[in-house]
Amino acid sequence: MSDTELDKTRRYLRPVAATILSDDPDGVHLAKYEWLPMFEEWATGPGICGESMRQGPLPEGTEVTCPRCLEWKPDYERMLAPGYRPEDDDPKALRARLERIRAEVAMLCECCGDNRERMARIKRELGLETEGVR
C-alpha cells in the first residue's frame, strides 16, 4: 500500500532501520508511522522496543529482526486497529466491569432460585458466595 492510499487519521506499524547508536545497528525494528499535519508528511517514531530509529520506513515486507519489537507487535496492532478503545485494556475498567457483571448475575440468581445447582455452579465460577444458595 502506498502512502497516498493510507488513511491520514490512522497510525500504522512499519519496519524501520536502527541508528548507528543502537545496540544492533543492522537490526530492523517496528515503529509507528503516522501523518504529521504540521509538516504535511508521514513520519516514523522510535522503535516500539524503545530504541532510536532512522527516519522513514523500510520497504513493506522487510523482515523485522528485533525480538522486543516482535514481542510488542500484537499489542500495538490491537491498539492501532480501527475501533480500539483504551478502556478495553485498562485493568481498573475491566475489574469494574467484572464487578458490575458479578452483581447482576448475583441478582439474577436470587430472582431465579428455581435451579439451585446451576446457580451454585455460576456463583462458584464467578467467585460469588455459595453459602446459603437456595
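Up top is the structure.
Now for a description of the structure that goes with this document. (Residues numbered from 1 in each chain as written. Predicted model: local features only at pLDDT ≥ 70, side-chain atom pairs only at ≥ 80, totals over all residues. Heavy atoms only, no water.)

Some thoughts on the pairing of strand S2 (residues 28-36)
Condition: In this description, strands pair whenever DSSP reports at least two bridges between them. For helices the rule is a DSSP run of H or I covering at least 4 residues; for strands it is a run of E covering at least 2, with both sets numbered from the N terminus onward.
Across seven bridges, the pairing between strand S1 (residues 11-17) and S2 is antiparallel. Residue pairing in the sheet places Arg14 in a bridge with Ala31 of S2. Hairpin connection of S2 to strand S3 (residues 41-47): four residues between the antiparallel strands, including Glu40 at a positive phi of 50°.

Some details on helix H3 (residues 116-126)
Put simply, the rule is: Burial status follows relative accessibility: with a 1.4 Å probe on protein chains alone, a residue under 20% of its type maximum counts as buried, one over 50% as exposed, and anything between as partly exposed. The reported arc concerns the directions from the helix axis to the C-beta atoms and nothing else. What makes two residues a contact is simply this: any of their non-hydrogen atoms within 4.5 Å.
Burial in H3 covers these residues: Met119, Ala120 and Lys123. Seen from one end, H3 has its buried residues packed into an arc of 100°, which puts them on one side. Away from the buried face of H3 by more than 90 degrees, exposed residues Glu117, Arg124 and Glu125 are located. If you follow the buried residues of H3, they end up packed against helix H2 (91-111). Among the residues trailing H3, Gly127 stands out with phi positive, at a value near 75°.

Topic: the sheet that holds S3
How we decide: Simply put, an axis is a line fit to the C-alpha atoms, just over the touching stretch for a helix, and the angle between two N-to-C directions goes from 0 to 180 degrees.
Ordered in space as S1-S2-S3, the three strands form an open sheet in which the pairing is antiparallel. Where the open sheet ends on each side, the last strands, each with one partner, are S1 and S3. The sheet shows a mean angle of 40° between the axes of neighbouring strands, direction not considered. Sheet contacts for helix H1 (residues 67-80): S1 and S2; angle to S1, the most-contacted strand, approximately 155°.

Points about the nonpolar core
Operational definition: Nine residue types can take part in a nonpolar core, namely buried Ala, Val, Leu, Ile, Met, Phe, Trp, Tyr and Cys, and a core is a set of them joined through side-chain atoms within 4.5 Å.
Counting nine residues, the largest nonpolar core consists of Leu13, Val28, Leu30, Ile48, Cys49, Val64, Cys66, Cys69 and Leu80. Every element with two or more residues in this core is listed here: S2 and H1. If we ignore the near neighbours within four places in the chain, the residues touching Cys49 are His29, Cys66, Arg68 and Cys69.

A word on the side chain of Thr19
Mapped onto the fold, Thr19 is located in the loop between S1 and S2. If we ignore the near neighbours within four places in the chain, the residues touching Thr19 are Pro25, Ser52, Met53 and Arg54.

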